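Fold and contact review
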Amino acid sequence: MKGKKMTKEIWDALAMKRALTRITYEIIERNKGTENLVLVGIKTRGVYLAKRIHDRIKKLEGVDVPLGELDITLYCDDRHDASLKQDPVINSEEIGVDIDDKNVVLVDDVIYTGRTIRAAMDALMDQGRPSSIAVAVLVDRGHRELPIRADFIGKNIPTSADEQVSVSVIEKDGKDSVELKALPK
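Residues numbered from 1 in each chain as written. Predicted model: local features only at pLDDT ≥ 70, side-chain atom pairs only at ≥ 80, totals over all residues. Heavy atoms only, no water.

1. Some words on the packing of aromatic side chains
Taken as a whole and assessed by the stated rule, the structure comprises 0 aromatic pairs. Sitting over the ring of Y112, R141 keeps its end group 3.9 Å from the ring centre. (Phe/Tyr/Trp six-rings, centres within 6.5 Å; stacked < 30°, edge-to-face > 60°. Lys NZ or Arg CZ within 6 Å of the ring centre and 35° of its normal.)

The following block contains the structure:
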């Protein structure tokens, strides 16, 4: 199996839909409704997931909550060679919505080291003063390097350092799925 990537599907489209619906209900419940709620997706896949949560809230509650996005690029942070890791870079801090005194939910596909979420929190604080910041992720794969956790989690997938969690969304990748990939050694 040398040099060959082994891939295992963890979730299909239906499982992803159920997880996002559950996360949506949890966000509404914890926020005690939708008042002062703002969703902010982290590019790229977090934006699509935030939009899906937004649409479910609109369908369930009849409220069009503000939806923003952050552009944070990972320079080598998603690589598995520790010597190559660098902090994420914020490409655009303009999120497009007012966050002052709001309950902001940052949405991303996977939480790993915590560095992306930390960078996103820094960007939010540069934009305003939210009442609270919560984190919603489709997958928590562990291996935190910073004391950051997700408040809303679709699924915990314990991984090893030589594995990668890959989230695909139909809007970008042509399908909805979560896969666990063994990286070549």
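2. Examining the UniProt feature "short sequence motif: PRPP-binding" (unreviewed entry) in the protein chain
Feature annotation in UniProt assigns "short sequence motif: PRPP-binding" (unreviewed entry) to the following positions: residues 104-116. Taken end to end, residues 104-116 is 15% helix and 62% strand, and its first and last C-alpha atoms sit 16 Å apart. (UniProt positions renumbered as here; feature names shortened; annotations may be inferred. Helix = DSSP H or I, 4+ residues; strand = E, 2+ residues; numbered from the N terminus.)

3. Some points on the sheet that holds strand 9 (residues 177-182)
Taken in spatial order, the 3 strands of this open sheet run 1-9-8, and their pairing is antiparallel. A strand with exactly one partner marks an edge of an open sheet, and here the two such strands are strand 1 (6-11) and strand 8 (163-168). Shown here is a sheet whose adjacent strand axes are inclined to one another by a mean of 25°, direction ignored. Taken strand by strand, helix 1 (residues 13-31) contacts strand 1, strand 8 and strand 9, and its axis lies near 45° from that of strand 1. (Pairing = 2+ DSSP bridges. Axes fitted to C-alpha atoms, helices over the stretch in contact; angles between N-to-C directions. Contact = heavy atoms within 4.5 Å.)

4. Notes on the nonpolar core
Counting residues in hydrophobic clusters, the biggest one holds 29 residues, and the most contacted among them are V105, L138 and V178. Going through the elements one at a time, helix 1, strand 2 (37-42), helix 2 (45-61), strand 5 (103-111), strand 6 (132-140), strand 8 and strand 9 are the ones with two or more residues in this core. Per element, the largest residue contribution to this core is 7 residues, and it comes from helix 1. Beyond its immediate stretch of four places on either side in the chain, L138 contacts W11, M16, A19, L20, L49, D108, D109, G154, K155, V167 and V178. Judged by nonpolar contacts, the second largest core, of 20 residues, contains V40, I42, I148 and A150. (Core = buried A, V, L, I, M, F, W, Y, C linked by side-chain atoms within 4.5 Å. Buried < 20%, exposed > 50% of the residue type's maximum accessible area, 1.4 Å probe, protein only.)

5. Description of helix 3 (residues 115-127)
Its 13 residues place the ends of helix 3 19 Å apart at the C-alpha level, agreeing with the 18 Å of an ideal helix rising 1.5 Å per residue. When helix 3 is considered as a whole, its buried residues turn out to be T116, I117, A119, A120, A123 and L124. Buried residues of helix 3, viewed axially, fall in a sector of 160°; they line one side. (Expected span 1.5 Å × (residues − 1). Arc of directions from axis to C-beta.)

6. A few points about the pairing of strand 3 (residues 67-73)
What you see with strand 3 is a clean split: G68, L70 and I72 sit on the buried side and L67, E69, D71 and T73 on the side with no burial. Sheet topology places strand 2 next to strand 3; 4 bridges connect them, and they run parallel. Opposite L39, over in strand 3, you have L67 as the bridge partner.

7. Overview of helix 2
The end-to-end C-alpha distance of helix 2 is 24 Å, a good match for the 24 Å that 17 residues give at a rise of 1.5 Å each. For helix 2, the full list of buried residues reads G46, V47, L49, A50, R52, I53, H54, R56 and I57. Contact partners of the buried residues in helix 2: helix 1, strand 2, strand 3, strand 5, strand 6 and helix 4 (170-173). The positive-phi residue at the C-terminal boundary of helix 2 is G62, with phi of around 70°.

8. A look at the environment of G33
With respect to the secondary-structure elements, G33 resides in the loop between helix 1 and strand 2. For the pair formed by G33 and V63, sequence separation is 30 residues and the distance between their alpha carbons is 9.8 Å.

9. Here we look at the confidence of the model for the protein chain
Across the protein chain, the average pLDDT comes to 89, with 86% of residues at 70 or higher. Low pLDDT, under 50, characterises residues 75-84; the predicted model gives this stretch 19 contacts beyond four residues in sequence or across chains. (pLDDT = per-residue confidence, 0-100.)

10. Digging into unusual backbone geometry
Omega for the bond connecting K43 with T44 falls within 30 degrees of zero, at 10°, which places this linkage in the cis form. Positive phi values are uncommon outside glycine, yet K32 reaches one of about 55°. Of the residues examined, K32 reaches a relative accessible area of 76% and is grouped as exposed. With phi around 60°, D101 is a residue other than glycine that occupies positive phi space. Note that D101 resides in the loop between strand 4 (89-92) and strand 5.

11. Considering the side chain of R56
For R56, the location among the structural elements is in helix 2. For the buried R56, which has no salt bridge, the nearest side chain bearing the opposite charge is D55, at an N-O separation of 6.9 Å. Within the local environment of R56, its side chain forms a polar contact with the side chain of T21, the two groups lying 2.9 Å apart. Contacts of R56, omitting those with residues within four sequence positions, involve K17, L20, T21 and T24. (Lys, Arg positive; Asp, Glu negative; His and termini not counted. Salt bridge = Lys/Arg side-chain N within 4 Å of Asp/Glu carboxyl O. Polar contact = N/O pair within 3.5 Å; in protein donor to acceptor, adjacent residues only side chain to side chain.)

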